[in-house]
Amino acid sequence: MTSTAAAGVSAEGATRALVASVQDLSIHFKTKAGMVHAVDGVSFDIRDGETLGLVGETGCGKSVTARSFMRLVASPPGVYAGGKIDFWSSETRAAGGGPVNLLTIADDEMLDIRGNRIAMIFQDPGKALNPALSIGNQLAEVFYQHRSDELLEPLGPNAPVIIRRAANQESGKVERVLLKLPPLRSKAAKVREEVEDHVAAALAETQIPNPRKIMDRYPHELSGGMKQRVLIAQALACNPDLLIADEPTTALDVTIQARILNLIRELQQRRRTSVLYISHDLSLVREISDRVAVMYAGRIAEIGRTDDVFRQPLHPYTRSLMAAVPSSRNKRGELAAIEGTVPELIDPQPSCRFHTRCPYAAGVCGEVDPRFLRHDFDHGVACHIYDEPAELGIRPDELPSYERRTR
Amino acid sequence: MTSVRAQSLEREGSVGDRPVMTLIDVEKHFPIKDGVLQKVVGHVKAVDGVSLEIRRGETLGLVGESGCGKTTLGRCISGITAPTGGGIYFRLSDVDRAALEDILATPGKERTPEQRKRMERIESRHLITALTGDAWRAYRRNCQVVFQDAFSSLNPRQLVKDIVGRPLRIHKEASGAELTERVVSLLESVGMGRQHLFRYPHQFSGGQRQRISIARALALDPEFIVLDEPTSALDVSVQAQILNLLHELQRDRGLTYLFISHDLGVVKLMSDRIAVMYLGEVVEQGTATELFERPRHPYTEALLAANPDLDADVDKEIEGLEGTVPDPANPPEGCRFHTRCPVATPICGWEVDDAVTWLSVETNLLDAMTAVERRSNFDATLAFADDGSAEAVGKAMTAGSVPPAMAPALESVSVDGSKVLLRFLPVPPVELEEVEPGHVTSCVLHTSRRREL
């Protein structure tokens, strides 16, 4: 019920093709206390070439949602409890093929997509890079994994099998010795050169000065901003159709954050990559996204175009969240805090998850799951105020007017 | 109880009528040790000559990027680490301060016996590293800290009752049933209650843990609290709760805050005055509105330009800064920000390191470099493996591609065989200067050194 309505909202407003479509996704975690419904019936679309911002507070399920795109949720304790993620890669679309369900495809198909068609930038660049590999070797892995054909190009169509296997990183012990001996050595060196060219080009793309020098360095020798650039280079190396950025600037200083954000935006516009941008920072999401989805306690509360959501937030949670950000209009001590805390998600009963903290909550909110409704063009909300205003005693148009400056 | 009341009485008066903390040229240098004998080979200048004054009842905001020394400064002020230079004075009156500055201005040998005696007396009463007995205890009671990560600053094996009651027990304020009641009233003042007494820190959410930290800081009814990024680990909605609580407590109890944060929006909201730190130094200081509306330092401007603001115009692009923060063990000459400054001038402190950095980032010419002989930061000889590379470097340094701000500061470049001699015009260190009442900056574009341009 919820899912079809939610998908409907985005599909109706869509004029562009989709890259991915999440439908009724549920991911639970098994704990001693019971099943934690970390993601509980989430549906949204990512359109071709757009940046979708996924915003929410700690523990709302935004990272788990993102990781499920690449099947990176550890299982157990994670359980893919339902729903699907349809993904159209540029190759299948060119061939006129349909989508694949990322949750059910075979592991080797997933290997082909991961890092190639869908890539991810992680929050802490210090932890995402292997400290024992030089930057050059680290980035080379992407090309060996997904672009071995290109690496063999300088050798022509009939490259020796051993070299082929080396470019696919399949060499055995004996082969590795043979590769060091004269007849093959020069050919292996050519592949190596080709890899280095690819890596240098990928690094140059992210505006790293003097990329050849950086390739010999190790992660600990680079600053945080530089490491994040290396990760972005790695993610974009194969020109993915979908880039998932999971809080890419949270670990960085504000001046570096601005540069990384501008870099992501610029690369996205140049390559027409679709981006799923995850953040807890509303102002950042507003800065970079075309559309925004607001998550709360494992569900999408509201989704719509960035302008609409920030100018006229529909869901009481979105409104409260925006009001809680300190602004120049606030007087000291008069911030509009949201009282209470995020509810426990262990075997939850049907209800609006926000009803314990919502200023407008009525009986129905604690008993029935709100339906996802299309409120306005391309703007959907899951709230009883828009469904059964009579029950709550407040009509949508009676909500206090809200304005944050927009485009 | 009586002692607390007596203290509150002593504290009556208007906001800002007297200083609570006075910092004069505070330095904290951490030694870098190397080799088998752990010889000291250098110092990380985490805090390098900071002078500040925090007056009663006000909130001083301290902002800067990570690694600029703001947390170290907070730790020095709260007495967790001792500064390696300068002095931190507690409740130093304006009269004493004037006298002290007068004495400090005279070189050690020329001081008269009266001056020495006066200085000794001031230091034994106010200098926090020289306090003993009752004066020390009074300082410890009155200066408390709330840390960023409430989880690691609360003992996981203690109950809330023990955590919040510990300061009271140490200072022999209360025991037994009275202690429990005092803890309950402290918990109530931060929006918690009796039901939380017998729980462990892990049973609370982040916001509640921070409330417990605040209750502990309030236990001895202090005058001054160092808030070291109290909300940066929290979500926006909870952050708002904590900020409101902090303000309420300040209003009701007449607290003085040092609010350390990297979040400009939060600092602006909470602070009366703001000091901006960069690489161990305060580069600008002023009232919150003044600093945000008319920043007088390019670094402050850069921070503001990079800060995404929910209220700003959407079309306003956020802008970042080039380069990285220099090594605090070897901070740049002149203005420390000149290596990343978008409006740097020739008198900002260009030195040999800047030329070397520029050459290594923009060109490959330094690959053949074998040694650097440094006579000062402004004067050095670069030795190369062959004459050709030396000549190429000499050419590059005189060509038009040298950054326009650096070029006029270059006094001479001469190539001598395989060696290149670089000499920059030496510049004095920048000084903080008052540009408007209560607004100080060290940027040469705004201070009296503007005339040199």
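Residues numbered from 1 in each chain as written. Chains lettered and ligands numbered in written order. Predicted model: local features only at pLDDT ≥ 70, side-chain atom pairs only at ≥ 80, totals over all residues. Heavy atoms only, no water.

Draft legend 1. Examining unusual backbone geometry more closely. Along the chain, Ser-75 of chain A connects to Pro-76 of chain A via a cis peptide bond; the corresponding omega equals -5 degrees. Cis rather than trans, the peptide bond between Pro-76 of chain A and Pro-77 of chain A has omega equal to 10 degrees. With respect to the element layout, Pro-77 of chain A can be found in the loop between α2 (62-69) and β4 (78-87). Phi at Arg-91 of chain B takes a positive value of approximately 50 degrees, unusual for a residue other than glycine. Tracing the backbone through its elements, the reader meets Arg-91 of chain B in the loop between β4 (85-90) and α3 (94-105). On the basis of relative accessibility, which here comes to 22%, the residue Arg-91 of chain B falls in the partly exposed class. Its identity as a non-glycine residue notwithstanding, Lys-172 of chain B has a phi of 55 degrees, on the positive side. Secondary-structure assignment places Lys-172 of chain B in the loop between α6 (160-170) and α7 (176-189). Judged by its relative accessible area of 74%, Lys-172 of chain B is exposed. (Helix = DSSP H or I, 4+ residues; strand = E, 2+ residues; numbered from the N terminus. Buried < 20%, exposed > 50% of the residue type's maximum accessible area, 1.4 Å probe, protein only.)

Draft legend 2. How the structure looks around α6 of chain B. Taken as a whole, α6 of chain B has its buried residues at Val-160, Lys-161, Ile-163, Val-164, Gly-165, Pro-167 and Leu-168 of chain B. Just past α6 of chain B, the residue Lys-172 of chain B takes up positive phi, approximately 55 degrees.

Draft legend 3. Representation of the sheet that holds strand β12 (residues 379-381) of chain A in the model. All names here are of chain A. One open sheet accounts for eight strands, arranged β6-β7-β8-β3-β9-β10-β12-β11; its pairing is mixed. Either end of the sheet is taken by a strand with one partner, and the two such strands are β6 (118-121) and β11 (373-376). In this sheet, adjacent strand axes meet at a mean angle of 20 degrees when their direction is disregarded. Two strands pair when backbone bridges link them, and strand β3 (residues 51-55) and strand β8 (residues 274-279) are joined in this way by five bridges, in the parallel orientation. Counted as the bridge partner of Val-55 is Ser-279 from β8. Along the sheet, helix α12 (residues 224-236) contacts β6 and β7 (242-246); its crossing angle with β6, the most-contacted strand, is approximately 175 degrees. (Pairing = 2+ DSSP bridges. Axes fitted to C-alpha atoms, helices over the stretch in contact; angles between N-to-C directions. Contact = heavy atoms within 4.5 Å.)

Draft legend 4. Expanded view of the layout of surface pockets. Quantified by volume, the second largest pocket comes out at close to 1,700 Å³. The wall of the second largest pocket is formed by 47 residues, among which Glu-322, Gly-323, Thr-324, Thr-357 and Val-361 of chain B lie closest to the centre. If you list the elements that add at least two residues to the lining of the second largest pocket, you get α11 (211-215), α12 and α13 (254-271) of chain A together with α12 (298-306) and α13 (352-362) of chain B. Among the elements that make up the lining of the second largest pocket, the one with the highest residue count is α13 of chain B (eight residues). (1 Å grid on protein atoms, 1.4 Å probe; cavity = no way out; pocket = protein on both sides within 12 Å on 5 of 7 lines; lining within 4 Å. Points joined across faces, edges and corners; volume = space filled by probe spheres on them.)

Draft legend 5. Molecular detail of the nonpolar core. Membership of the largest hydrophobic core comes to 170 residues, with the highest contact counts inside it found for Leu-203 of chain A together with Ile-214 and Phe-424 of chain B. Domain assignment of the residues forming this core places at least three in each of domain 1 (17-157 + 200-278) and domain 2 (352-424) of chain B. With residues up to four places along the chain from it excluded, the contact list for Ile-214 of chain B reads Val-146, Val-190, Ile-242, Leu-245, Leu-246 and Leu-249 of chain B. In terms of nonpolar packing, the next biggest core, distinct from the first, is built from 36 residues, Val-22, Phe-44, Leu-54 and Ala-293 of chain A among them. (Core = buried A, V, L, I, M, F, W, Y, C linked by side-chain atoms within 4.5 Å. Domains from an automatic or database assignment.)

Draft legend 6. Region of interest: a negative patch on the surface. Residue and element names in this part refer to chain A. Among the surface-exposed residues, Glu-91, Asp-108, Glu-109 and Asp-112 lie close enough to one another that they form a single negatively charged patch. With three residues, helix α4 (residues 107-113) is the single largest residue contributor to the negative patch. Take Asp-112: it is sitting in helix α4. (Patch = residues over 30% accessible without salt bridge, like charges linked within 9 Å, V, L, I, M, F, W, Y side chains within 5 Å. Areas by Shrake-Rupley, 256 points an atom, 1.4 Å probe, with all protein chains shown as cover. Salt bridge = Lys/Arg side-chain N within 4 Å of Asp/Glu carboxyl O. Lys, Arg positive; Asp, Glu negative; His and termini not counted. Charge placed at Lys NZ, Arg CZ, Asp CG, Glu CD.)

Draft legend 7. Region of the structure containing helix α14 (residues 387-398) of chain B. Residue and element names in this part refer to chain B. The end-to-end C-alpha distance of α14 is 17 Å, a good match for the 16 Å that twelve residues give at a rise of 1.5 Å each. All of the buried residues in α14 are Ser-389, Ala-390, Val-393, Gly-394, Ala-396 and Met-397. Relative to the axis of α14, the buried residues are bounded by an arc of 165 degrees and lie together on one face. Away from the buried face of α14 by more than 90 degrees, exposed residues Lys-395 and Thr-398 are located. (Expected span 1.5 Å × (residues − 1). Arc of directions from axis to C-beta.)

Draft legend 8. Local environment of a nonpolar patch on the surface. Together, Val-174, Val-177, Leu-178 and Leu-181 of chain A make up an exposed nonpolar region whose accessible area comes to about 350 Å². Under the relative-accessibility criterion, Leu-178 of chain A is labelled partly exposed at 35%.

Draft legend 9. Summary view of the domain arrangement of chain B. By domain assignment, chain B separates into domain 1 (17-157 + 200-278) and domain 2 (352-424). Distance from the C-alpha centre of domain 1 of chain B to the C-alpha centre of domain 2 of chain B: 43 Å.

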